[in-house]
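Given next are the chains, with one letter for each unit.
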There are 2 protein chains.
Amino acid sequence: MKRGAKPPIRLAREQRFGDILRAARKVFCEKGYDQAAVAEIAARLGVVEGTVYKYFDSKRELLHKVLEHWYEEMLGDYARDLAAVVGARARLRLLVWRHLRSVREHPQLCRLMFREVRAEQDYRGSRVHAMNRRYTQFLIEVLRDGVAAGEFRAEIPHALVRDMIYGGIEHHAWNHLCGRGDLDIDRIADRIAAVVCDGLAARAPAADLHLETEKLARIAARIERSLPQHRARK
Amino acid sequence: MKRGAKPPIRLAREQRFGDILRAARKVFCEKGYDQAAVAEIAARLGVVEGTVYKYFDSKRELLHKVLEHWYEEMLGDYARDLAAVVGARARLRLLVWRHLRSVREHPQLCRLMFREVRAEQDYRGSRVHAMNRRYTQFLIEVLRDGVAAGEFRAEIPHALVRDMIYGGIEHHAWNHLCGRGDLDIDRIADRIAAVVCDGLAARAPAADLHLETEKLARIAARIERSLPQHRARK
DNA sequence: CCGGATGGATGAGTCGCACTCATCGGCAGA
DNA sequence: TCTGCCGATGAGTGCGACTCATCCATCCGG
């Protein structure tokens, strides 16, 4: 140490660990992964670069830990909130809405997740991947329950619906976030739920439905008329 | 130049440009953007790093040019292929299928597109972005035509459906590609078209309604035939 | 009160890689 | 044969991730 320099501040291991994690989150969010320098993260805490590497093996591990911590935050009260809603469609909409809210609140963390982590070669098998699976598992369960309740068709593969929902949100939100417009998450959630549940195809028009119903009514009337009791009574 | 060294091979500007582009595409695909060294791209052509920078301002510009070139390849015969198919649903499925094929054939280029380019701050306004818009515009037009033909509902926002399709394919294919499984693009295209068109909700499609009505009519006829009065009357 | 062990923190490195620039020298046109 | 053009060179420069030998405050047993 140089003469006249203050002695370094020594902190307990866990305290320093948490401090670095918080500082890293801020810097990564402000600058993005590539532009964030480990030296800057260290500087904000008044320590040198080497100190960070005492706690994290690499810049990437630091990023992973930041995102793991975020997932823990998010997973917190999912199950509880979901339990308060009845009906597969309403629960599906809730999951979509909550995800949209996360994207809106933490666009930079989402960006890190999508760009840096999920595209990595060894993402599969990582802790973040496991947490992402837990996160999306809620949706799979909602779909399964929906099928069990007869609300959803059984022949649609759940993994595909999950990917269309989360992938769709990602694309859609990205446009909005980069375009600097803010997300109307209520409306988007409604629309996504509408597309997923009802699809794009034009329904049988109400007229057809009426027609068929009237046909059925005439058939019923015919049967009634031909019943013995019917004639006997009259 | 050192004594005894061979004089450098001089090529016409366009020739060298194309060579660098091709070499860059290979190296980027093999190693990914970060791991690809400009020096290696140069080395494969037997030139030095500086030469590459005579033709491209930066490594990122090189990446952009590689992807622009790819988009040109893909856009080539889209319109023609699409014109050969009738029916909004069938055309939608064609677009999904073709996109899946692109992803399957060039997973590394997709990866570069998603990870490196689309997540960039200044992606919007770039040439690649414009080409991506042209690419996805085909789908928007199919949706619009579908609405005009009465095949699709008018109240569904097209941009959202576009994002759910392309985002969904991205997510779904990613799982498969990283999981080393290969894509059954025919089946996936069918399923995506099914979800998008018909949705998840259980319901009786119009065709089924007709069918059921006819069944009931036949049952009614059978009842009528077996009734004593019926026989008596005849 | 003392001396060694512990372990948090240091800071001066190394290394790899994107990017630059002064310079070279083959070749086409005068 | 001269000359200017321009493709190519290769020795830098700078930056940022990562390393390592070393320092020293604190704790603990004697």
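Please read all numbers here as calculations on a predicted model, not as lab measurements.

Student: Can you walk me through the domain arrangement of chain A in this structure?
Tutor: Interface size, as often reported, equals the accessible area lost upon joining of the parts. All names here are of chain A. Splitting chain A by domain gives domain 1 (9-56) and domain 2 (59-198). Taking the mean C-alpha position of each, domain 1 and domain 2 sit 29 Å from one another. On the domain 2 side, the residues contacting the 15 residues of domain 1 number 16 residues. In this assembly, domain 1 packs against domain 2 so that about 1,500 Å² is buried in total across both faces, 70% of it on carbon and sulfur atoms. Taken together, domain 1 and domain 2 are joined by two salt bridges.

Student: How do you make sense of the protein's contact with DNA strand D when you look at a structure like this?
Tutor: Taken together, 24 residues surround DNA strand D, and among them K59(A), L11(B), R16(B), T51(B) and Y55(B) come closest. One of the side-chain N or O atoms of E49(A) is found 3.2 Å from a base nitrogen in DNA strand D. In this structure, V48(B) approaches DNA strand D through a main-chain N or O atom, which is 3.0 Å from a phosphate oxygen. Elements represented by at least two residues in the surface near DNA strand D include exactly α3 (49-55) of chain A together with α1 (13-31) and α3 (49-55) of chain B. With four residues, α3(B) is the largest single contributor of residues to the surface near DNA strand D.

Student: Explain α1(B) here, please?
Tutor: Within an α-helix, residues lying three or four positions from one another point in the same direction, as the helix has 3.6 residues per turn. All names here are of chain B. Taking 1.5 Å per residue, 19 residues should reach 27 Å; α1 reaches 27 Å between its end C-alpha atoms and fits that length. Along α1, the residues that are buried comprise R16, G18, D19, I20, L21, A23, A24, R25, V27 and F28. Along its buried surface, α1 packs onto α2 (38-44), α3, α4 (59-75) and α7 (107-117). A positive phi of about 85 degrees marks G32, the residue just after α1.

Student: Just to check I follow, could you spell out empty space enclosed by the protein for this structure?
Tutor: Which parts of space are left empty comes out when a probe the size of a water molecule is rolled across the atoms. Under the counting rule described, the total for this entry stands at two cavities of 30 Å³ or more. Of the voids in this model, the largest cavity is the one considered here, and its volume is about 50 Å³. As for the largest cavity, its lining consists of F114(A), R115(A), R118(A), A119(A), W174(A), F114(B), R115(B), R118(B), A119(B) and W174(B). Those elements that place two or more of their residues in the lining of the largest cavity are α7 (107-117) of chain A together with α7 of chain B. Looking at the lining of the largest cavity residue by residue, the classes come out as six nonpolar, no polar and four charged. Space inside the second largest cavity adds up to approximately 40 Å³. Lining the second largest cavity are V161(A), M164(A), V195(A), V196(A), M164(B), V195(B) and V196(B). Those elements giving two or more residues to the lining of the second largest cavity turn out to be α9 (158-178) and α10 (185-198) of chain A together with α10 (185-198) of chain B. Class assignment of the residues belonging to the lining of the second largest cavity gives a composition of seven nonpolar, no polar and no charged.

Each value, and the rule that gives it
- Residues numbered from 1 in each chain as written.
- Chains lettered and ligands numbered in written order.
- Predicted model: local features only at pLDDT ≥ 70, side-chain atom pairs only at ≥ 80, totals over all residues.
- Heavy atoms only, no water.
- Domains from an automatic or database assignment.
- Contact = heavy atoms within 4.5 Å.
- Buried area = accessible area lost by both parts, 1.4 Å probe.
- Salt bridge = Lys/Arg side-chain N within 4 Å of Asp/Glu carboxyl O.
- Near = heavy atom within 4 Å.
- Polar contact = N/O pair within 3.5 Å; in protein donor to acceptor, adjacent residues only side chain to side chain.
- Helix = DSSP H or I, 4+ residues; strand = E, 2+ residues; numbered from the N terminus.
- Expected span 1.5 Å × (residues − 1).
- Buried < 20%, exposed > 50% of the residue type's maximum accessible area, 1.4 Å probe, protein only.
- 1 Å grid on protein atoms, 1.4 Å probe; cavity = no way out; pocket = protein on both sides within 12 Å on 5 of 7 lines; lining within 4 Å.
- Points joined across faces, edges and corners; volume = space filled by probe spheres on them.
- Nonpolar A, V, L, I, M, F, W, Y, C, P; charged D, E, K, R; others polar.

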